[in-house]
Amino acid sequence: MTEKMVNVAVAGATGAVGNQMIRCLEERNFPVRSIKLLASKRSVGRELRFRGDLMPVEELTDESFAGVDVALFSAGGDTSLRFAPLAAQAGCVVVDNSSAWRMDTQVPLVVPEVNPHAIAGYKVKGIIANPNCSTIQMVVALNPIHRAFGIKRIVVSTYQAVSGTGKKAVDELFDQTRAMINFLGYENKIYPHRIAFNCLPHIDRFQENGYTKEEMKMVNETRKILEDDRIGVTATTVRVPVFFGHSEAVNVETREKITAVAVRKLLEESPGVEVVDEPTKNRYPLATDAAGQDLTLVGRIRQDESVQNGINLWIVADNIRKGAATNAVQIAEILVKDYL
């Protein structure tokens, strides 16, 4: 890491991802000269720990970014639409975790293991977009396959943890599970149906084409990050009663001849990937294994016998870390090292 020191702000610091961003900055020894922890007015007065010190939470305002070099945003799309341009006008580069800027043609959408060169595009608007959590882990695993064999089509079904919705969803799963075990009543506040002991094929709002917004994020973001609009992508996203860690069943059809052996070797040599694939020993990626780490775990690598050039994969990652906070901090590391 460069010795260059920068002034940092974290917008949405009191949320689950914002908290993790702070921890990642500390864990990865990010070159922080000073740090501002920003949130809504109701969080003013709280303190969060950074490098052993308690730091006050400040209200996010139009003037928050004076003197700030890099801002990590995880405060929601509406907040980002309002404050990211103001931060950029103040000379700050924003790495935004919301969906607000992802498909803007003038804003780079970046996964550092896949398209770090795209970061250079930040100069147009002063904003870099962090992709959707389920997209990030998939493209980390699929990028080396695409570069080697040319991906023609992707069929993905996700099994996404409730932490992707936020702390209130985590609490709802806990409360419903406890209530059901004790034969007590429960409420559905966050999801339209009970999430405990259930699977909901419904993440985000339904669109006119019958897909959910989450599913279309995976379609559009994958093409943008892999820089290939020819790739066919179809997704079904499912919320499952797991606290942390998204899992994905991914079927890939390639343009060139592909084998499971070649894919396994390729992934074993790929950055950010750990192959966990010993089915005879019951070793395959689990959400419980991915939670708390930054690697994308890949297993169940096998030939798709229904098509000429097909591979099946099981991909798992921590949705709060690699799926959000760590990816944003990795982007900021490259930004500071190579561009600021």
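A short tour of the structure in this document, coming up. Bear in mind that the values here come from a model prediction, so they are computed numbers and not experimental data. (Residues numbered from 1 in each chain as written. Predicted model: local features only at pLDDT ≥ 70, side-chain atom pairs only at ≥ 80, totals over all residues. Heavy atoms only, no water.)

**Quick notes on the side chain of Ser64**
Here comes step 1: Mapped onto the secondary structure, Ser64 falls in the loop between β4 (53-59) and β5 (70-73).
Here comes step 2: Taking relative accessible area as the criterion, Ser64 reaches 5% and is therefore assigned buried.
Here comes step 3: There is a polar contact of 3.4 Å between the side chain of Ser64 and the backbone oxygen of Glu59.
Here comes step 4: A polar contact is formed between the side chain of Ser64 and the backbone nitrogen of Thr61, at a distance of 2.8 Å.
Here comes step 5: Sequence-distant contacts of Ser64, that is, excluding residues within four places in its chain, are made with Lys36, Leu38 and Glu59. (Helix = DSSP H or I, 4+ residues; strand = E, 2+ residues; numbered from the N terminus. Buried < 20%, exposed > 50% of the residue type's maximum accessible area, 1.4 Å probe, protein only. Polar contact = N/O pair within 3.5 Å; in protein donor to acceptor, adjacent residues only side chain to side chain. Contact = heavy atoms within 4.5 Å.)

**Section: the packing of helix α3 (residues 133-149) against helix α5 (residues 213-226)**
Here comes step 1: For the pair α3 and α5, interaxial distance at closest approach is 10 Å and the crossing angle is 40 degrees. Classed by the angle they form, the pair α3 and α5 counts as oblique. Where α3 crosses over α5, the two elements pack in a sense that is right-handed. Each of Ser134, Thr135, Met138, Val139, Asn143, His146 and Arg147 in α3 lies in contact with α5, whose residues at this interface are Glu214, Lys217, Met218, Glu221, Thr222, Ile225 and Leu226.
Here comes step 2: For the contact of α3 with α5, a count of residues per class yields five nonpolar, five polar and four charged. (Axes fitted to C-alpha atoms, helices over the stretch in contact; angles between N-to-C directions. Parallel < 35°, antiparallel > 145°, perpendicular 65-115°, else oblique. Left-handed = near helix turned anticlockwise from the far one by under 90°. Nonpolar A, V, L, I, M, F, W, Y, C, P; charged D, E, K, R; others polar.)

**Topic: the pairing of β4**
Taken residue by residue, a regular strand's side chains alternate between the two faces of the sheet.
Here comes step 1: Sheet analysis places strand β2 (residues 32-39) next to β4, joined by three bridges and oriented parallel. Looking across to β4, one finds that Ala39 is bridged to Glu59.
Here comes step 2: Pairing of strand β3 (residues 47-50) with β4 involves four bridges; the strand directions are antiparallel. Residue pairing for β4: Glu47 is matched across the bridge by Pro56.
Here comes step 3: The hairpin turn running from β3 into β4, its antiparallel successor, is two residues long, and Arg51 in that turn takes a positive phi close to 50 degrees. (Pairing = 2+ DSSP bridges.)

**Regarding the sheet that holds strand β7 (residues 127-129)**
Here comes step 1: What the seven strands build is an open sheet, ordered β3-β4-β2-β1-β5-β6-β7; its pairing is mixed. Edge positions in the sheet fall to β3 and β7, since each has one partner strand and no second. Strand-to-strand, the axes of this sheet are offset by a mean angle of 30 degrees, without reference to chain direction.
Here comes step 2: In this structure, strand β6 (residues 93-96) lies alongside β7, joined through three bridges in parallel fashion. Bridging across to β7, Val95 finds its partner in Ile128.

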